Amino acid sequence: AQRVTQPEKLLSVFKGAPVELKCNYSYSGSPELFWYVQYSRQRLQLLLRHISRESIKGFTADLNKGETSFHLKKPFAQEEDSAMYYCALNSGGSNYKLTFGKGTLLTVNP
Amino acid sequence: NAGVTQTPKFQVLKTGQSMTLQCAQDMNHEYMSWYRQDPGMGLRLIHYSVGAGITDQGEVPNGYNVSRSTTEDFPLRLLSAAPSQTSVYFCASRRFAGLANNEQFFGPGTRLTVL
């Protein structure tokens, strides 16, 4: 069965420090993975998708099929990065059903 | 474009009452879905639709009904509310159901409390 694991509920770093939010997945097919972010009192929005191989707001994420991971990284955290981050897997193939991890609350301290 | 809109923003129900959460999108999106967000559980898919007249169950469909009579609207019905349905509900839409690399947009959410 498909599963997305985010092992850290909470992550706290200081401004300017590197940050890595971990995501591991379990899926028998070819995975389609995403990172979503939810800032305080705002709606959920897409941050990254692995298929685009892009960098958004300084964040990058690389799909590692060998380790079944899709960790989110940023070399220098900013206070405005404080938010809830969700890793998600499209487990429905062409029917597109997102399975979300439980989320990691990132706090960047001044 | 208003994007994905949801009404109401907040709702309090008594156990056993029924109600409908409204969701609409004005982007001509094929795919629409409902999620519930609970503390420590992330988001879980309730129901989804790949086009008008087509719906299917997600991970946690029990106690909820949906229909998709138009492309724009995808209401979620609670048949007989239970305290376990206290949650924040998000509606989302996507341009194409089966195509990769098109973004899913979320609504602002409805916070539901069942007493």
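Every value quoted in this text rests on a predicted model; they were computed, and no experiment measured them.

> What is the right way to look at the nonpolar core in this model?
The nonpolar side chains of soluble globular proteins are, as a tendency, buried together. One finds V19, L21, W35, L47, L72, Y85 and L106 of chain A to be the most contacted residues of the largest nonpolar core, which totals 24 residues. Here this core gets four residues from one element, more than from any other, and that element is strand 9 (residues 83–90) of chain A. By size, the runner-up hydrophobic cluster in this structure holds 20 residues, among which are L21, V60, Y64 and V66 of chain B.

> How should I be thinking about the packing of aromatic side chains in this particular structure?
Working definition: an aromatic ring pair is given by the centre-to-centre distance plus the angle between the planes. Within the structure shown, the criterion is met by ten aromatic pairs over all chains. With a centroid separation of 6.1 Å and 90° between ring planes, the pair formed by Y86 of chain A and F100 of chain A is classed as edge-to-face. You can see Y86 of chain A sitting in strand 9 and its partner F100 of chain A sitting in strand 10 (residues 98–100), a full 14 residues away along the chain. Relative to F106 of chain B, the ring of F100 of chain A has its centre 6.3 Å away and its plane inclined at 75°; by these criteria the two rings are edge-to-face. Of the two residues, F100 of chain A sits in strand 10 while F106 of chain B sits in strand 10 (residues 104–106), which places them in two different chains. For F100 of chain A, a relative accessible area of 7% gives the class buried. An aromatic cluster is present here, built from F34, Y36, Y86 and F100 of chain A together with Y35 and F106 of chain B joined pairwise through their rings.

> Could you clarify how one ought to interpret the pattern of salt bridges in this entry?
Where charged atoms of side chains with opposite charge meet at close range, the side chains can pair. Under the definition given, this model contains seven salt bridges over all chains. A salt bridge links E32 of chain A to R94 of chain B; the nearest nitrogen and oxygen atoms lie 3.8 Å apart. You can see E32 of chain A sitting in the loop between strand 4 (24–26) and strand 5 (33–38) and its partner R94 of chain B sitting in strand 9 (residues 87–94), one on each of two chains. Take E32 of chain A and R94 of chain B: they sit in the same class, and that class is buried. The partner of D81 of chain A in a salt bridge is K74 of chain A, with the nearest N and O atoms 2.8 Å apart. For D81 of chain A, a relative accessible area of 3% translates into the label buried.

> Where do I start with the interface of chain B and chain A in this structure?
Note: interface size is frequently given as the accessible area lost on complex formation between the parts. Contact residues are listed per partner, giving 24 residues for chain B and 18 residues for chain A. At the boundary of chain B with chain A, total buried surface from both sides reaches about 1,900 Å², with 52% on carbon and sulfur atoms. Scanning the region where chain B abuts chain A turns up one salt bridge. Inspection of the region where chain B meets chain A yields four residue pairs in polar contact (both at pLDDT 80 or more). Here the side of chain B that touches chain A is composed, by residue class, of 13 nonpolar, nine polar and two charged.

Calculation criteria
Residues numbered from 1 in each chain as written. Chains lettered and ligands numbered in written order. Predicted model: local features only at pLDDT ≥ 70, side-chain atom pairs only at ≥ 80, totals over all residues. Heavy atoms only, no water. Core = buried A, V, L, I, M, F, W, Y, C linked by side-chain atoms within 4.5 Å. Buried < 20%, exposed > 50% of the residue type's maximum accessible area, 1.4 Å probe, protein only. Helix = DSSP H or I, 4+ residues; strand = E, 2+ residues; numbered from the N terminus. Phe/Tyr/Trp six-rings, centres within 6.5 Å; stacked < 30°, edge-to-face > 60°. Salt bridge = Lys/Arg side-chain N within 4 Å of Asp/Glu carboxyl O. Contact = heavy atoms within 4.5 Å. Buried area = accessible area lost by both parts, 1.4 Å probe. Polar contact = N/O pair within 3.5 Å; in protein donor to acceptor, adjacent residues only side chain to side chain. Nonpolar A, V, L, I, M, F, W, Y, C, P; charged D, E, K, R; others polar.

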